[in-house]
Amino acid sequence: MTNSRRSAITINQILDAAEDVLLAHGITGLTLNAVAEQAGMTKGGLLYHFGTKNDLERSLEGRFVARIEHRLSKLQPGASYFSSAVLAEIWDDWQKGKERFASLILSAANGYAQEGEQ
């Protein structure tokens, strides 16, 4: 396995761990220490791939956007693109028994709402 392939796998493991932390503890519980622990690595190992918490958050957002863009590319012309893509992703996720995507959306929305109240 090449170094770039191992790095891509590690990055996906870190992002999976970050999603798990976000689901379990919300946006305020999303810390580098919590993500590193969930990923089974040191904070230094995490920082090798994501230099800051902001970098990690941007990558999580990028992953979310990529999932939606993938869905959008599959939609028929004339569909309500964004909402159809989001609903299709939630439905597939729910059928797989994960319910992860919907929970991430709700967690993120809750975090942003709380930030707006401050």
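Residues numbered from 1 in each chain as written. Predicted model: local features only at pLDDT ≥ 70, side-chain atom pairs only at ≥ 80, totals over all residues. Heavy atoms only, no water.

What to know about helix 2 (residues 32-39)
Piece 1. Considered for burial, the residues of helix 2 that qualify are L32, V35 and A36. Projection of helix 2 onto a plane perpendicular to its axis shows the buried side chains occupying an angular sector of 100°, all on one side.
Piece 2. On its buried side, helix 2 packs onto helix 1 (3-25), helix 3 (43-49) and helix 4 (53-74).
Piece 3. At the C-terminal side of helix 2, G40 shows a positive phi close to 75°. (Buried < 20%, exposed > 50% of the residue type's maximum accessible area, 1.4 Å probe, protein only. Helix = DSSP H or I, 4+ residues; strand = E, 2+ residues; numbered from the N terminus. Arc of directions from axis to C-beta. Contact = heavy atoms within 4.5 Å.)

Let's talk about the nonpolar core
Piece 1. Judged by nonpolar contacts, the single largest core of 13 residues is most densely connected at I14, A18, L30, V35, L46, F50 and L56.
Piece 2. Those elements that place two or more of their residues in this core are helix 1, helix 2 and helix 4.
Piece 3. Sorting elements by how many residues they give to this core places helix 1 first, with 5 residues.
Piece 4. Not counting chain neighbours up to four residues away, the residues in contact with F50 comprise I11, I14, L15, D55, L56 and S59. (Core = buried A, V, L, I, M, F, W, Y, C linked by side-chain atoms within 4.5 Å.)

Some thoughts on the environment of S73
Piece 1. Note on placement: S73 falls in helix 4.
Piece 2. Since its relative accessible area comes to 59%, S73 is described here as exposed.
Piece 3. For the pair S73 and A85, spaced 12 residues apart in sequence, the C-alpha to C-alpha distance is 9.0 Å.

A few points about helix 4
Piece 1. Compared with the 32 Å implied by 1.5 Å per residue over 22 residues, the 32 Å span of helix 4 between its first and last C-alpha is a close match.
Piece 2. All buried positions along helix 4 are accounted for by L56, L60, R63, I68 and R71. Relative to the axis of helix 4, the buried residues are bounded by an arc of 125° and lie together on one face. (Expected span 1.5 Å × (residues − 1).)

Let's talk about the environment of K74
Piece 1. The residue K74 is located in helix 4 in this model.
Piece 2. Residues K74 and A85, spaced 11 residues apart in sequence, show a C-alpha to C-alpha distance of 8.6 Å.

Quick notes on the side chain of T10
Piece 1. Among the structural elements, T10 can be located in helix 1.
Piece 2. Exposure remark for T10: the relative accessible area of 19% places this residue in the buried category.
Piece 3. Residues contacting T10, with those up to four places away along its chain left out, are M41 and H49.

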